[in-house]
Amino acid sequence: MAQAKVSIIIPTYNVEEYLEECLDSVCRQTLKDIEILCVNDGSTDGSLEIIKRYAAKDERIVVLDGPNGGYGKAMNRGLDAATGEYIGIVEPDDFIALTMYEDLAKLADENALDFVKADFYRFTRRSNGDMSLKYNHLDKTGEWYNKVFDASVTPQALHFIMNTWSGIYRREFLESHGIRHHETPGASFQDNGFWIQTFVYAKRAMIVGFPYYRNRRDNPNSSVKDTGKVYCMNDEYDYIEELLRPQQELWERFKYTYWVKRFGNYTFTMERIDPSFIPDYAVRFREDFLRAQKLDELDQASFSEKQWGQLQEILSNPRSFAKKYLSSKKRKATLKNGAAKVKRIAKKVVG
């Protein structure tokens, strides 16, 4: 088989409920010159059988089956096996617009891009099949769309919404910089390191304002809903720092933005984990950022006013911050539940 235009990696673990919708959207791409690398990461449900059934009908599908090793390992297996000029990633509970890879590959070719990424939808689906869609702009300023830019000298681009799947990457670019995922069994959020590496090394990048990708938000098994993986984000950002810090010029350019991204992902973690973990998590939060403070790597101008205020509270007294945070979270939950109750009553009255 000649080199495919795009190699699409689908890392798969126990997603039988959503997998057919995903595979249908990939197999029906208007760009036919693709290879589809389905990496089964030790699924215990019917996911592997579904992949094999699709592979029997479509010779472009390559089945890579193996024991469970975690997201990072599954993605790296796909990257190592890929032969395409470009790499695409589709999560197995998501799906994509049918013209996604044709349109993005054309842009990448015409502009000699290391990567091109697009806006996307997050969605949930009701029991009757109706979808609720929310449009997500990669760049909330609107300044960076539809033009080639050098991401390797643009720290502010790290403020774009983080995802690895809404675009394509030139495989030669990934190989030349050894860009891979962090492999830690059982961990989550291992796409963060891959994402940051693509930005700090890419000389020619582009983002486009069209939502090709549909990202599911109602899968109860998604890593963003796993409250048990408390310190995975901390470990991932330790890994990123270990990669970047030895490269002195690069680290000096990106260090302030790196710590802002780390702060944002730590506060995201506090929203995600069980409330019982939050006091101890705030202490760990302080430890990591106290080190950054001692190294003079926290730039107030890089943070929002709210973020900087929160950070000062955490550095001063993390357990007091946690108590205040939990109180606020409980109050918001009470107000939300009250609003939902009023809505249910109103619906009954209306009939």
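Right above here is the structure, for reference.
First, a word on scope: everything that follows refers to the structure included in this document. Numbers given for residues are sequential positions, taken from 1 along each chain in its written order. Confidence filtering applies because this is a predicted model: local features only for residues at pLDDT of at least 70, side-chain atom pairs given and counted only at 80 or more, and all residues used for totals across whole chains, interfaces and linings. The basis for every side-chain value is the complete set of non-hydrogen atoms in the structure, without hydrogens or water.

Moving on, we come to the overall build of the chain. For the purposes of this entry, the term helix denotes a DSSP run of H or I that reaches at least four residues, the term strand denotes a run of E that reaches at least two, and both are numbered from the N terminus. Along the backbone of the chain there are eleven helices and nine strands. The long-range fraction of contacts in the chain, counting pairs at least 24 apart against all pairs at least 6 apart in sequence, stands at 80%. As displayed, the chain offers around 16,800 Å² of accessible surface, 50% of which is attributable to carbon and sulfur atoms. The charged-residue count follows a simple rule in which Lys and Arg add positive charge and Asp and Glu add negative charge, with His and chain termini not counted at all. To locate a charge, take NZ of a lysine, CZ of an arginine, CG of an aspartate or CD of a glutamate. For the chain, the distance from the average position of its 51 positive side-chain charges to the average position of its 51 negative side-chain charges is 8 Å. Contacts: residue pairs with any heavy atoms within 4.5 Å of one another. Using the Shrake-Rupley algorithm and a 1.4 Å probe, accessible areas are obtained, with residue cover drawn only from the displayed protein chains.

With that settled, the discussion passes to helix α9 (residues 278–294). Its 17 residues give α9 an end-to-end C-alpha distance of 24 Å, which sits within 8% of 24 Å, the value for a rise of 1.5 Å per residue. Here α9 has its buried residues at Ile278, Tyr281, Ala282, Arg284, Phe285, Asp288, Phe289, Leu290 and Ala292. A positive backbone phi angle near 60° is found at aspartate 296, which sits one or two residues after α9. Expected helix span is taken as 1.5 Å per residue step, with the number of steps being one fewer than the number of residues. Buried residues are those whose accessible area, probed at 1.4 Å on protein chains only, stays under 20% of the maximum for their type, while exposed residues exceed 50% and partly exposed ones sit between those limits.

Attention now goes to the environment of methionine 75. One can find methionine 75 in helix α3 (residues 71–81). Distance from methionine 75 to aspartate 41, taken between C-alpha atoms, is 9.5 Å for residues 34 residues apart in sequence. Not counting residues up to four positions away in its chain, the partners in contact with methionine 75 are Ile9, Pro11, Ile89 and His181.

We now examine the environment of glycine 309. Checked against the element boundaries, glycine 309 lands in helix α10 (residues 305–316). Exposure remark for glycine 309: the relative accessible area of 29% places this residue in the partly exposed category. Placed 253 residues apart in sequence, glycine 309 and alanine 56 show a C-alpha to C-alpha distance of 57 Å.

Before going further, it helps to spend a moment on the packing of aromatic side chains. By convention, a stacked pair of Phe, Tyr or Trp rings (six-membered ring in the case of Trp) has centres within 6.5 Å and planes under 30 degrees apart, an edge-to-face pair has planes over 60 apart, and any other such pair is tilted. One pass over the structure, following the stated rule, counts 28 aromatic pairs. Ring geometry for phenylalanine 285 versus phenylalanine 289: centroids 5.3 Å apart, planes at 40°, classification tilted. With phenylalanine 285 and phenylalanine 289 both in helix α9 and four residues apart, this pair spans about one turn of that helix. By relative accessible area, phenylalanine 289 is classed as buried at 0%. By the ring-pair criterion, three or more aromatic residues cluster together here, those being Tyr231, Tyr237, Trp251, Tyr258, Trp259, Phe263, Tyr266, Tyr281, Phe285, Phe289, Phe303 and Trp308. Whether a charge sits over a ring comes down to the Lys NZ or Arg CZ being within 6 Å of the ring centre and within 35 degrees of the ring normal. Of note, lysine 57 hangs over the ring of tyrosine 54, and the distance from its end group to the ring centre comes to 4.9 Å. Between lysine 147 and the ring centre of tryptophan 144, over which it is positioned, the NZ or CZ distance is 5.2 Å.

What follows deals with the pattern of salt bridges. Any Lys or Arg side-chain nitrogen found within 4 Å of a carboxyl oxygen on Asp or Glu counts as a salt bridge. Summed over the entire model, instances satisfying the criterion amount to 22 salt bridges. Where glutamate 21 meets arginine 216, a salt bridge forms, and the shortest distance between an N and an O atom there is 3.0 Å. Taken together, the residues glutamate 21 in helix α1 (residues 16–27) and arginine 216 in strand β9 (residues 205–216) connect sequence positions 195 residues apart. For glutamate 21, a relative accessible area of 28% translates into the label partly exposed. Between arginine 180 and glutamate 175 there is a salt bridge, with its nearest N and O atoms 2.9 Å apart. A relative accessible area of 17% places arginine 180 in the buried class.

On to the pairing of β9, then. Residues in a regular strand point their side chains to alternate faces of the sheet. Counting buried positions over the twelve residues of β9 gives ten, a clear majority of the element. When DSSP finds two or more bridges between two strands, those strands count as paired. Bridge count for strand β5 (residues 95–96) against β9 is two bridges, and the pairing is antiparallel. When the sheet's bridge partners are listed, phenylalanine 95 is paired in β9 with arginine 214. Of the strand pairs in this sheet, strand β6 (residues 115–125) and β9 are connected by eight bridges, and their pairing is parallel. The residue bridging phenylalanine 123 from the neighbouring strand is arginine 216, located in β9.

Before going further, it helps to examine α10. The end-to-end C-alpha distance of α10 is 17 Å, a good match for the 16 Å that twelve residues give at a rise of 1.5 Å each. When we look at burial in α10, the residues that qualify are Trp308, Leu311, Ile314 and Leu315. Down the axis of α10, the smallest arc covering the buried residues is 125°, so these residues share one side. Relative to its buried face, α10 has exposed residues pointing more than 90 degrees away, namely Glu305, Lys306 and Ser316. When we speak of the arc, we mean the arc of directions from the helix axis to the C-beta atoms.

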